[in-house]
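# What the coordinates show
Residue-level listing of the chains:
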Amino acid sequence: QVQLVESGGGLVQPGGFLRLSCAASGSVVSSHTMGWYRQAPGKQRELVATITSGGSTNYADSVKGRFTISRDNAKNTVYLQMNSLKPEDTAVYYCNARYQFYGYWGQGTQVTVSS
């Protein structure tokens, strides 16, 4: 079945950068809408960015101009390039795959932005 494994999280200073990776099973990345979501303690999980199988992207207003979502179908991997990081970006970041009515989640990777 579908498996998603996130990596690349860590501790960075404000203004720094990170690239998150989500490795998926099979050909999930090419056939599903892929997305990144994040959740801080005590808060609702929120959408960060999505990319469809056709290549269309969507971003939360809070990350537009700073984050970029991309995919590599040959590697079955989706990425989230995060630049100009702010303390407000601190959260657990989750990878998501959606196909029709079905959705799958990874285990998450911690991103901490602190001075």
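This text goes with the structure placed above it.
The written sequence of each chain sets the order in which its residues are numbered from 1. Note on the predicted model: pLDDT of at least 70 is required for a residue's local features to be given, and 80 or more for side-chain atom pairs to be given and counted; whole-chain, interface and lining totals, by contrast, use all residues. As a rule here, side-chain values cover all heavy atoms of the structure and leave hydrogens and water aside.

In this section: the nonpolar core. Side-chain atoms within 4.5 Å link the members of a nonpolar core, which is a set of buried Ala, Val, Leu, Ile, Met, Phe, Trp, Tyr and Cys residues. Exposed residues in this analysis have more than 50% of their type's maximum accessible area, buried residues have under 20%, and partly exposed residues fall in between, with area computed by a 1.4 Å probe over protein chains only. Grouped together as the largest cluster of nonpolar side chains are 29 residues, with contacts concentrated most on M34, W36, L80, M82 and Y93. Listed by contribution, the elements that provide at least two residues to this core are β3 (18-24), α1 (28-31), β4 (33-39), β5 (46-51), β7 (67-72), β8 (77-82), β9 (91-99) and β11 (109-113). Labels follow the DSSP assignment, with helices taken as runs of H or I lasting at least four residues and strands as runs of E lasting at least two, numbered in each case from the N terminus.

Moving on, we get to the state of the cysteines. Criterion for a disulfide: a pair of cysteine sulfur atoms at a distance within 2.5 Å. If you walk through the whole model with that rule in mind, you get one disulfide. Paired by a disulfide, C22 and C95 hold their sulfur atoms 2.0 Å apart. Disulfide C22 to C95: torsion about the S-S bond roughly -85°, handedness left-handed. One end of the pair, C22, is in strand β3; the other, C95, is in strand β9, and 73 residues separate them in sequence. We note that C22, like C95, is buried.

When you line up the elements, H32 lands in the loop between α1 and β4. Each C-alpha atom, one on H32 and one on L4, is 12 Å from the other, the two residues being 28 residues apart in sequence. Contacts are residue-level and defined by heavy atoms, with any inter-residue pair within 4.5 Å sufficient. Discounting chain neighbours no more than four positions away, the residues touching H32 are I51, T52, S53, R71, A97, R98, Y99 and Y104. Whenever two N or O atoms come within 3.5 Å, that pair is a polar contact, provided that in protein one can donate a hydrogen and the other can accept it, and provided that, for residues adjacent in sequence, both atoms are side-chain atoms. Within polar-contact distance, the side chain of H32 engages the side chain of S31 at 3.0 Å.

A few words now on the packing of aromatic side chains. Stacked, tilted and edge-to-face are the three classes applied to pairs of Phe, Tyr and Trp rings, where Trp contributes its six-membered ring and a pair requires centres within 6.5 Å; stacked means planes under 30 degrees apart, edge-to-face means over 60, and tilted covers the rest. Applying the stated criterion across every chain, the model contains two aromatic pairs. Ring centres 5.0 Å apart and planes at 70° place the aromatic pair Y37 and W105 in the edge-to-face group. Of this pair, Y37 sits in strand β4 while W105 sits in strand β10 (residues 102-105), and the two are 68 residues apart along the sequence. Overall, Y37 belongs to the buried group, its relative accessible area being 14%.

Attention now goes to unusual backbone geometry. One non-glycine residue, S84, lies in the positive phi region at around 50°. Checked against the element boundaries, S84 lands in the loop between β8 and β9. One non-glycine residue, Q100, lies in the positive phi region at around 55°. Relative to the helices and strands, Q100 resides in the loop between β9 and β10.

Moving on: the pattern of salt bridges. Where charged atoms from two side chains of opposite charge approach closely, those side chains can pair. The rule for a salt bridge is simple: a side-chain nitrogen of Lys or Arg has to be within 4 Å of a carboxyl oxygen of Asp or Glu. For the coordinates displayed, the defined rule picks out four salt bridges. Put simply, E46 and R38 hold a salt bridge, and the shortest N to O gap is 2.8 Å. Put simply, D89 and R66 hold a salt bridge, and the shortest N to O gap is 2.8 Å. Taken together, the positions of D89 in the loop between β8 and β9 and R66 in the loop between β6 (57-59) and β7 put the pair 23 residues apart, joining distant regions of the chain. You can call R66 buried: its relative accessible area is 9%. The network of salt bridges with common partners includes R38, E46, R66 and D89.

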